[in-house]
Structure formats: structure tokens, C-alpha cells
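Residues per chain, in single letters:
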Amino acid sequence: MSRLVVVSNRVPSPRERTQPAGGLTVGLRDAVRGTESLWFGWSGQQRADIAKQKPDLDRVDSVTYATIDLTHEQYERFYENFANGLLWPLCHYRIGIIEFSREDLQAYREVNDMFADHLVPLLREDDTIWIHDYHLFPLGEALRKRGVKAKIGFFLHIPFPPWSVMRVLPCAAQLLHELTAYDLIGVQTEEDVRNLDGCFEICGLNKRAYHFPIGIDPAEFAEQAVQSVMAPEVKRLKDSLRGRKLIIGVDRLDYSKGIPERFHGYEVFLNRYPEHKGEVVLLQVTPVSRAGVGSYQELRRELDELAGHINAMHGNFDWSPIRYLTQSAPRHILAGFHRIADVALVTPLRDGMNLVAKEFIAAQDEHDPGALILSYLAGAAPEMPEALLVNPYDAEDIAEALHEALSMTPKERKRRWRVLHDDVTRNTASNWSETFLDMLRDTQPQT
Ligand code: F6P
């Protein structure tokens, strides 16, 4: 079989325990494992002079990691401004906070060209290339311009909005045109397919997208969860609860995750059902993300204030309703936290998929599983109808779901968990990548 070349802006470090948060690295790491592959992308580093840089190569098992640095200006204009200050909010339907600048667009194109320049010499003739996410929309076209004839697929991990939102972007039609360079385009949900196909149609482009919902490796995550229950961190958490129920939230610090809205919902729950006061703890693990982007800095301030407010208003000298952390935790420790949690609150305002929902289900004890509260605006929702589905903007809906989850009979929890567990097991990271790559390899070569 041909070698797989994965390209993404963020590449996990093969040797570090704590990995960058986010579904892309989690899903893809499971997908490339054991496959002869090259994973190319940004090193996560910035430096002043990149004129003479060559990709840094590191081989671990069957995967060669090849990474390049960005300049400080590229980091700011490409990564912070265009990718995460513009495309990210746009794709999450947040037109009100986007800022467009032609200089940022130019940097976005320059970085995509630079990726292509460094990648081409590493390619072999029979490679299959798989490019990921909104940082790299134009990369397929850039590779074609450099004579690459290999099959090239593209997968978008975040939502794709309808044309009525997309058209706000001055270069929208051009980006859509560039997407036609790919042999196969994958998105997470049927809604994303409708939106992207609608955009192609309006722009007069003969192209279509397909949906491939990403999954996890549930067996591995479950094993980590079982083993981590004995880890000191998980034991300390359990001891500190003193029999109280644990509600868990795990998200990158991102406004799309709906964390302030979740905290409001929790506060309504405490007011409406005071019998739970002192009996529950909400642990919100929120590693800081994209700290240089203004909207993320504002969110951080808002969350600090809200968590402080809820603890001050509702806490007692021996109980704090929220434990809010901005440091990251190793994945296996999170698996242990998930296992001992009674309820997971996964309430994004929009999300491409949300693998945390799937991880929570995988980590649970089948004899006494917890309950999942899930936003119906997460890409995972259509696959997980047995979760307690909520509107993440509606604090009262969240409050009611929390009460229902905490009052649910063991029989009902088991029934829901079994169905959810079947869903998570059926659609794994390896099924996801195999389905995509089989279809990519079967496409007709572009003429
Ligand atoms: O999963 C979506 C995504 O934007 C990935 O592309 C990205 O790697 C991840 O979230 C985390 O974001 P960042 O790389 O900006 O830290």
C-alpha cells in the first residue's frame, strides 16, 4: 500500500507526555498508528529567520514527523489572525468577532506556499496525501501548482457554515475554488456537507463533499481510564470529593465550547435545586489555547470572574461548587477523571465533532456508568441521541439536564450508556481514516 502523508498545522510531539489539546491530533494519532506515514506540519516554534530552514525529521515507529518553524510575523498573521481570528469564528458562525485584513490573507497564502515548498521534496510518487483543517484550505492547489499528481484528500475538523455566513469573507469564492484541487473533501456531519455543497453550487463549482464523522480508539481509552484510576492524581481527586458527585467538563479554553454558558447553567441548577448544594462538584479542565488572540483573552477574564462569582455566592467554608483549572493534564489522567465522573457536561455552542463526549462514554464503568449531557449543536449529537441533548445557550435547559442526570436511575443510565457505547465503538478513529482513505484511493485521478 502507498505511504500515507498527513499534513496538519499542529503536529503532536511524538515524545512528550502532554500533547496539544484538540480533536485533530487525538483522532489522527490513532489513525496513523502502525501505518507507514509521514506527518508534516508546524513545529509549534517561532523564530526570526527561517530563510535557510529545512524540515526537522523525527521517526517514531512507523511514523516520520517532519516539522517546520514559522516566523513571529507568520505566527501572528497566519495562525493567530487569519486562521484563528477569522476562519475559526466564521466557521463557528461567529461573524460578529471576525477581523479581515489583506495582509493576513497574504500571510495565510504565503505559509501555505511555504508548506508546499518544504513538503514537495519529501514526497514519493505513490504517496497518498491527506491534508487537514482550515489552516490549509489552499495547500492542495499549491501542491498541484508544483506538479504533484498524487491523490490529495482534505478533511475539515470544524463546522462548515452556509453561504449566507461564508460570503462575509472577501476571499470566500477563491478559497472554495481552491478546494476543487482536492480529489476528496471530507467534513464531519451531513449539515456540513449541505453547507459546503451549497457554497460550491452558488459559486458555480462542480464539486461535492462527503461526511466522515471522526471517532476515537475507545478500547485504548477505556484501558487507560481503568489503569489511571490507581494514578495518584485520580486518587487525590476521588478522595477530595468525599463522596460528592463529580460533574466534569474538559475543553480547550475556547468561546466555541460554551463554557460561560455552561457555568450559568450550573448556577441556575444550584439555585433551582438547592438539595444538590454541597453534594456535587463541577471540575472544569480548560487548558489555555491561542492565548495571543483578543477574544480568547476576554474569555479567560470572563471565566475567572464567573468561577469566582459562583464559588463566592454558592460555596461554603468546606465546599466549592466549581474547580476551574487552566492547566492541561496528560490524556491518561483525564481518562481516569472521566472514569470517576458521574456526569459529563459537553455543551459547545458549535463544534465540528467533540471527541470529549466519546471519550467520556469510553471511559465509563459499564456496571455503573455516568450520564452524558451533550449540546445538540456539537457534531457528535446526531450520532449520540441517547445523551441528554441540550441547547447550550439555554441555562435552564442545562440546569434541568443536570438535575435529570444526577437523579437518573442506574437502569436508565446503563440503558443509555450501552447504546452510546455501541455508537462510539462502531465509529472509531481507524474506521474513520480507513473509510476516508479507501474512498480517496478509489477516486479517479484529476486530469
Ligand atoms: O480540532 C480543530 C483544531 O483547530 C485543530 O486544527 C487544532 O490543532 C486544534 O483544534 C487545537 O487548536 P490549536 O492547534 O490552535 O491549538
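Below is a summary of the structure that appears in this document. Computed from a predicted model, the values in this text were never measured in an experiment.

**Describing the sheet that holds strand β11 (residues 322–325)**
Okay, so step 1: Taken in spatial order, the six strands line up as β11-β10-β9-β12-β13-β14 in an open sheet, and their pairing is parallel. In this open sheet, the two edge strands, each paired with only one partner strand, are β11 and β14 (388–390). In this sheet, neighbouring strand axes are inclined to one another by 20° on average, regardless of whether the strands run parallel or antiparallel.
Okay, so step 2: Pairing of strand β13 (residues 371–375) with β14 involves three bridges; the strand directions are parallel. Counted as the bridge partner of Ile373 is Leu388 from β14.
Okay, so step 3: Those strands touched by helix α9 (residues 232–241) are β9 (245–250), β10 (280–285) and β11, and its axis lies near 155° from that of β11.
Okay, so step 4: Helix α12 (residues 331–340) contacts β9 and β10 of the sheet and is inclined by roughly 140° relative to β9.

**Re the site of the ligand**
Okay, so step 1: The ligand sits among 13 residues. The nearest are Arg10, Tyr79, Asp133, Tyr134 and Arg290.
Okay, so step 2: Between the ligand and Arg10, the relevant distance is 2.9 Å, taken from an oxygen atom to a side-chain nitrogen or oxygen of the residue.
Okay, so step 3: Within the side chain of Tyr134, an N or O atom sits 3.0 Å from an oxygen atom of the ligand.
Okay, so step 4: Taken together, the elements giving at least two residues each to the shell around the ligand come down to α1 (23–32) and α2 (72–91).
Okay, so step 5: For the shell around the ligand, the class distribution of residues is six nonpolar, three polar and four charged.

**Details of the sheet that holds strand β4 (residues 63–70)**
Within a sheet, adjacent strands bond to each other through the backbone by hydrogen bonds, running parallel or antiparallel.
Okay, so step 1: If you trace the eight strands from one edge of the open sheet to the other, you get β3-β4-β2-β1-β5-β6-β7-β8, paired in mixed fashion. Either end of the sheet is taken by a strand with one partner, and the two such strands are β3 (56–60) and β8 (210–211).
Okay, so step 2: With two bridges connecting them, strand β7 (residues 184–187) and β8 associate as parallel partners. By the bridge assignment for β8, Val187 is matched with His211.
Okay, so step 3: Against the sheet, helix α16 (residues 429–442) engages β1 (4–10), β5 (128–132), β6 (151–155), β7 and β8, with an angle of about 125° to β5.

**Some points on the side chain of Arg244**
Okay, so step 1: Locating Arg244 in the fold gives a position in the loop between α9 and β9.
Okay, so step 2: With near-sequence residues (within four places) excluded, Arg244 lies in contact with Gly278, Glu279, Val280, Val281, Asp318, Trp319 and Asp342.

**A short note on the pairing of β9**
Okay, so step 1: Counting buried positions along β9 gives five out of six residues, so the element sits mostly inside the fold.
Okay, so step 2: As paired strands, β9 and β10 are joined by six bridges and run parallel to one another. Counterpart to Leu246 in the pairing with β10 is Val281.
Okay, so step 3: Note that the unit made of β9, helix α10 (residues 259–272) and β10 has a crossover that is right-handed.
Okay, so step 4: One ladder, built from two bridges, connects β9 with strand β12 (residues 343–346); its direction is parallel. By the bridge assignment for β12, Ile247 is matched with Val343.

**Focus: a negative patch on the surface**
Okay, so step 1: A cluster of like negative charges, contributed by Glu298, Glu302, Asp304 and Glu305, occupies part of the molecular surface.
Okay, so step 2: Its place among the elements puts Glu302 in helix α11 (residues 294–314).
Okay, so step 3: Taking the relative accessible area as the measure of exposure, Glu302 reaches 37% and is therefore partly exposed.

Parameters and conventions
- Residues numbered from 1 in each chain as written.
- Predicted model: local features only at pLDDT ≥ 70, side-chain atom pairs only at ≥ 80, totals over all residues.
- Heavy atoms only, no water.
- Pairing = 2+ DSSP bridges.
- Helix = DSSP H or I, 4+ residues; strand = E, 2+ residues; numbered from the N terminus.
- Axes fitted to C-alpha atoms, helices over the stretch in contact; angles between N-to-C directions.
- Contact = heavy atoms within 4.5 Å.
- Near = heavy atom within 4 Å.
- Polar contact = N/O pair within 3.5 Å; in protein donor to acceptor, adjacent residues only side chain to side chain.
- Nonpolar A, V, L, I, M, F, W, Y, C, P; charged D, E, K, R; others polar.
- Buried < 20%, exposed > 50% of the residue type's maximum accessible area, 1.4 Å probe, protein only.
- Right-handed = clockwise from strand over helix to strand, strands pointing away.
- Patch = residues over 30% accessible without salt bridge, like charges linked within 9 Å, V, L, I, M, F, W, Y side chains within 5 Å.
- Areas by Shrake-Rupley, 256 points an atom, 1.4 Å probe, with all protein chains shown as cover.
- Salt bridge = Lys/Arg side-chain N within 4 Å of Asp/Glu carboxyl O.
- Lys, Arg positive; Asp, Glu negative; His and termini not counted.
- Charge placed at Lys NZ, Arg CZ, Asp CG, Glu CD.

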